[in-house]
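This is what each chain is made of:
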Amino acid sequence: MKTLKHIILFVLIIAVCFSSVNSSGADNSITNSTTISNSSVFESDLPDQYLFICENDRFSLSYREDITSIALTDKLSGRMWYSAVNEELYDIKNSSKTWQTYMQSILSIKYVSKKDTRGNFINDYSAAKDNAVFAEKLENGLKLRISFRDSAIDLTLKIELEEDHVKLSVPIDEIKENGEYSIVSVELLPFFGAAAKDADGYIVYPDGSGAISYFNETDNKHQFTKQYTIDVYSLLDHEKIFDETNEENCAMLPIYGIKNEKNAFLAVITKGDSSAKINVNTSVNSSAVKLNRASFEFVYRNQYRIYLSNIIINGRSRTTNPYGVKVDKDMIQLDCEVKLFFLNDDVANYSGMANVYRDYLIKEGLLKKSKLQDEVGLALNVFMGTREEKTFLKKFVNMTTFDEVNRIASDYLNNDIANLQIMLRGWSKNGYYNQPNIATPDNHLGGSAGLKRLAALDKENDKLFLYLETNVNSASKSSGGFSTGRDVVLQGNKIPVSHNKSKFLINAKKMESLYENALIKMSANLPIGVALAKAGSFITHDYNKSFGLQRSDNIEVWKNMISQTYSNVAAQGGNLYTLALVDRLYDIPIESSMNQITDESIPWYQMIVYGSIPYTSEPGNLSYDLELLKLKWIEYGCMPYFEVTVRNPLNLKNTSYNTLFTSENSKWREVILDIYNEWKSKLEPIQNTFMIKHEKLTEDITQITYENGYQVIINFSFSKINYNNMEIPARDYILVGGAYN
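Residues numbered from 1 in each chain as written. Predicted model: local features only at pLDDT ≥ 70, side-chain atom pairs only at ≥ 80, totals over all residues. Heavy atoms only, no water.

S.K.: Which residues make up the overall build of the protein, and what values go with them?
M.R.: On a plain count of helices and strands, the protein comes out with 10 helices and 44 strands. Radius of gyration (C-alpha) of the protein: 29 Å, near the 27 Å computed for a compact globule of 741 residues. Considering only C-alpha atoms, the protein reaches an extent of 100 × 75 × 50 Å along its principal axes. With 741 residues in all, the protein has 57% of them scored as buried. A separation threshold of at least 6 residues defines the contact pool for the protein, and within that pool the share at least 24 residues apart is 66%. (Helix = DSSP H or I, 4+ residues; strand = E, 2+ residues; numbered from the N terminus. Rg over C-alpha atoms; globule rule 2.2 N^0.38 Å. Buried < 20%, exposed > 50% of the residue type's maximum accessible area, 1.4 Å probe, protein only. Contact = heavy atoms within 4.5 Å.)

S.K.: How would you explain the packing of helix H6 (residues 508-522) against helix H7 (residues 551-564) if you had to name every residue and give the values?
M.R.: Two numbers describe how H6 lies on H7: the axes approach to 11 Å, and their chain directions differ by 5°. If you check the angle between H6 and H7, you find them roughly parallel. Together, Ala-508, Met-511, Glu-512, Tyr-515, Glu-516 and Leu-519 of H6 and Asn-554, Val-557, Trp-558, Asn-560, Met-561 and Gln-564 of H7 make up the contact between the two elements. Per-class residue counts for the contact of H6 with H7 are 7 nonpolar, 3 polar and 2 charged. (Axes fitted to C-alpha atoms, helices over the stretch in contact; angles between N-to-C directions. Parallel < 35°, antiparallel > 145°, perpendicular 65-115°, else oblique. Nonpolar A, V, L, I, M, F, W, Y, C, P; charged D, E, K, R; others polar.)

S.K.: Pulling in residues and values, what's your account of unusual backbone geometry?
M.R.: Cis geometry marks the peptide bond from Gln-435 to Pro-436, where omega comes out at 5°. Positionally, Pro-436 belongs in the loop between strand S29 (420-425) and helix H5 (447-460). Going from Leu-526 to Pro-527, the amide bond is cis rather than trans, its omega being 10°. Position of Pro-527 among the secondary structure elements: in the loop between H6 and strand S34 (529-532). Positive phi, close to 70°, is recorded for Lys-494, a residue that is not glycine.

S.K.: Lay out helix H3 (residues 350-363) in plain terms, naming residues and giving numbers.
M.R.: The periodicity of an α-helix, 3.6 residues per turn, causes residues three or four positions apart to be oriented the same way. Its 14 residues give H3 an end-to-end C-alpha distance of 20 Å, which sits within 8% of 20 Å, the value for a rise of 1.5 Å per residue. H3 sits mainly inside the fold: 10 of its 14 residues count as buried. Gly-365 occupies a position one or two residues after H3 and carries a positive phi of about 75°. (Expected span 1.5 Å × (residues − 1).)

S.K.: Tell me about the side chain of Asp-154, residues and numbers included.
M.R.: Among the secondary structure elements, Asp-154 is positioned in strand S10 (residues 153-161). Looking at Asp-154, its side chain comes within polar contact range of the side chain of Asn-178, at 3.1 Å. Residues in contact with Asp-154, not counting those within four places in the same chain, are Arg-145, Ile-146, Ser-147, Phe-148, Glu-174, Ile-175, Lys-176 and Asn-178. (Polar contact = N/O pair within 3.5 Å; in protein donor to acceptor, adjacent residues only side chain to side chain.)

S.K.: So what about the pairing of S10? Which residues, and what values?
M.R.: Burial runs high along S10: 8 of the 9 residues are buried. Strand direction decides the pairing type here: strand S9 (residues 141-148) and S10, joined by 8 bridges, are antiparallel. Pairing of Gly-141 across the sheet is with Glu-160, part of S10. Taken together, S9 and the strand that follows it, S10, pair antiparallel across an intervening segment of 4 residues, in which Ala-152 is found at a positive phi of about 55°. As judged from the 2 bridges shared by S10 and strand S12 (residues 176-177), these two strands associate in the antiparallel manner. Looking at S12, one finds that Ile-153 is bridged to Glu-177. (Pairing = 2+ DSSP bridges.)

S.K.: Lay out a nonpolar patch on the surface with the relevant residues and their values.
M.R.: Taken together, the side chains of Ile-520, Leu-526 and Tyr-566 present a nonpolar region at the surface, about 320 Å² in accessible area. Here Tyr-566 shows up in the loop between H7 and strand S35 (569-572). (Patch = residues over 30% accessible without salt bridge, like charges linked within 9 Å, V, L, I, M, F, W, Y side chains within 5 Å. Areas by Shrake-Rupley, 256 points an atom, 1.4 Å probe, with all protein chains shown as cover. Salt bridge = Lys/Arg side-chain N within 4 Å of Asp/Glu carboxyl O.)

S.K.: Talk me through the sheet that holds S29; I want residue IDs and the actual numbers.
M.R.: In a beta sheet, neighbouring strands pair by backbone hydrogen bonds and run either parallel or antiparallel. Judged by pairing direction, the sheet is parallel, and its 7 strands sit side by side in the order S36-S35-S34-S30-S29-S26-S38 without closing on themselves. Edge positions in the sheet fall to strand S36 (584-586) and strand S38 (641-644), since each has one partner strand and no second. Strand after strand, the sheet turns through a mean of 25° between neighbouring axes, direction not considered. Bridge analysis of strand S26 (residues 378-383) against S29 gives 6 bridges, and the strand direction is parallel. Following the sheet pairing, Ala-379 is matched in S29 by Gln-421.

S.K.: An account of the pattern of salt bridges is requested, with residue identities and associated values reported.
M.R.: Within the structure shown, the criterion is met by 37 salt bridges. With its nearest N and O atoms 3.5 Å apart, the salt bridge here joins Lys-559 to Glu-556. In this pair, Lys-559 and Glu-556 both sit in helix H7, 3 residues apart, roughly one turn of the helix. In this structure Glu-556 comes out as partly exposed when scored by relative accessible area, which is 39%. Notably, a salt bridge pairs Glu-627 with Arg-731, separated by 3.3 Å at the nearest N-O pair. Linking Glu-627 in helix H9 (residues 626-636) with Arg-731 in the loop between strand S43 (726-728) and strand S44 (732-737), this pair joins segments that are 104 residues apart in sequence.

S.K.: Pulling in residues and values, what's your account of the packing of aromatic side chains?
M.R.: What the rule picks out here adds up to 31 aromatic pairs. Ring geometry for Phe-192 and Phe-265: centres 5.1 Å apart, planes at 75°, overall edge-to-face. Taken together, the residues span a long stretch of sequence, with Phe-192 in the loop between strand S13 (181-188) and strand S14 (201-205) and Phe-265 in strand S18 (residues 263-271) at a distance of 73 residues. Assigned by exposure class, Phe-192 and Phe-265 land together as buried. Feature note: the residues Phe-59, Trp-81, Phe-192, Tyr-256, Phe-265, Phe-296 and Phe-342 constitute an aromatic cluster, connected by ring pairs. (Phe/Tyr/Trp six-rings, centres within 6.5 Å; stacked < 30°, edge-to-face > 60°.)

S.K.: A description of the confidence of the model for the protein should follow, citing residues and the corresponding values.
M.R.: Residues with a pLDDT of 70 or more make up 91% of the protein, whose mean pLDDT is 90. Note on residues 1-28: pLDDT under 50 across the span, and 21 contacts to partners over four residues away in sequence or across chains. Confidence over residues 32-41 falls short of pLDDT 50; this stretch has 16 contacts with residues more than four positions distant or in other chains. (pLDDT = per-residue confidence, 0-100.)

S.K.: With reference to specific residues and values, describe the sheet that holds strand S5 (residues 79-82).
M.R.: With respect to topology, 4 strands assemble into an open sheet ordered S2-S3-S4-S5, the strand pairing being antiparallel. Only two strands of the sheet have a single partner each, and these edge strands are strand S2 (51-55) and S5. Across this sheet, the average inter-strand angle for adjacent strands is 25°, counted without regard to direction. As judged from the 4 bridges shared by S2 and strand S3 (residues 59-64), these two strands associate in the antiparallel manner. Each bridged residue has a counterpart across the sheet, and for Glu-55 the counterpart in S3 is Ser-60.

S.K.: With reference to specific residues and values, describe the environment of Val-186.
M.R.: By secondary structure assignment, the location of Val-186 is in strand S13. With relative accessibility at 1%, the residue Val-186 sits in the buried group. Each C-alpha atom of the pair Val-186 and Lys-395 lies 53 Å from the other, and the pair is 209 residues apart in sequence. Residues in contact with Val-186, not counting those within four places in the same chain, are Leu-107, Ser-108, Ile-109, Leu-155, Phe-296, Glu-297, Phe-298 and Tyr-300.

Structure (structure tokens):
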């Protein structure tokens, strides 16, 4: 009798389980930890397939079980945002089955067989009918446990409503690989906010200074335009690092945004940014449904090239492709988290997105104000010396000595420069290309005594800020002082990351050691600061046995090095992790890569950072059109910046430093002073405030609005113009306005 009861009980359990499985076999049941409310005023506007889950004062969340899709309602506008392509707006049935599934998925994964050596990656989609989804209602959101059948990979996605944003997260400890496949990456919300070309809007993304792809410009883009992928912070692929033909920019900030009519959202990575990509797609490269879209992709395994085999017959290779691709055995241990901020009406644009993100960074302590921001600044690079590489003797080329820098600085200070920032390049032993930098002043330039005299000038002048550019990230074989086995970054195949086996990357352990020694040497020359080459533009993973690390570890190394520095720190590049730590940024781009999908470059990065940290872009003396560059400096909020020497740059003809063609300070001095005095007299009111709006009013007129009410209106044309009863001369600007009432 007991046996019969057990059988009946077992059958009932099975029946209950199958009752929650849809007809395709995918488990999409909702488990309610609390009763689902029907009180949302927006529920009546939902498509029939969507089930209301929860709400707060700002947002409402609904869920569609059959395709694992969510709908987010912004109560301020009433606008609904879908993770799946809306079938009521777009006919997706003409697309292939794979594309239909992709367009309805809240996330997709890329995976590979653990035995694969050819990089045969496979994509799978959360909305695929064979996948099982277990949905659990949370107090403020929804938890989705997604099981991908073909790969036996399980993961969890949480969607949570917060006070002013919506948070999505993929916890690393809930990713399980139960079979013969390894997860490579997860693409989150691939079609959230996707829009067709007839919509009034655009995608904005952090390519260089910032870039826009307009929906209505689709027809003007090349028919073979492909997805544009931007690696966050630095290139993910070791093979591309020394590739001089590679023109890809990397994202200094882990963000993108989409504007559609009077509504917009900003997507921000708040965890997992060190191992992420930003994918941007225009409707040119879509399926039968032409949609513009963007997404984040989180990388859980690095990949690397391996040498398989090669057959040589009569001295010729008979193997079509002797190389293969493998991925790491272990997953990168990173939680991934994205926050969505929604904007409406007048602020639903890239300016509004920049303001939201700046406020978020300041609130979270990720962007702090530099003490060098208060006064209008002038930045000089002084190139000091390097060795000839095209001659047998390889003699040292002395371009500027420490005492000459002393005289240059004194002269500018005597001309009332209130914030003079001078970076010394090529100052250490054997000059610029001696890398890694060993922080010993070169004797040709005046040695330690000359540097001490310069440090004394720095100490007695509170308007002077000197930096010694220091590179402990790169290494030249000809310089020596490091091991090409023990001290360099290795690929997964244990081959050093190098350029023709002559240039290498120093691994983090050696880099920290070099920098500690450099700081000890430089401490004798306080208060001179340090300009850390590559600190804000380069991170990498490393397979070195003595100190292997992931990209997130590399970020911590940079942060520790900056924090250990005794005096001011400038960083080359402006990656997010530097913004709470450094006093100045240099080599900040003032344009995008103008990739095939890009229609316009904008100062998106600058709108976020301006008013907090001073930065420079490219030297004025190296511009083909200084008048135009001046206007770009103003538009992008850059400090005036020049790279100077005492001697003629022709002396560098037998060296590899071939960027200087006019640099003698004596020839540029008056120009430099004139430009600084122009900044000081005209632009000082906007020095210490935020840039809150950037508008291209016409093809030739740009207007920038600042938090204190001032506006700069720039005329880029070759003719004077009259704008709002104000005359603006050709290739000039005016400053108008003042504090808001």
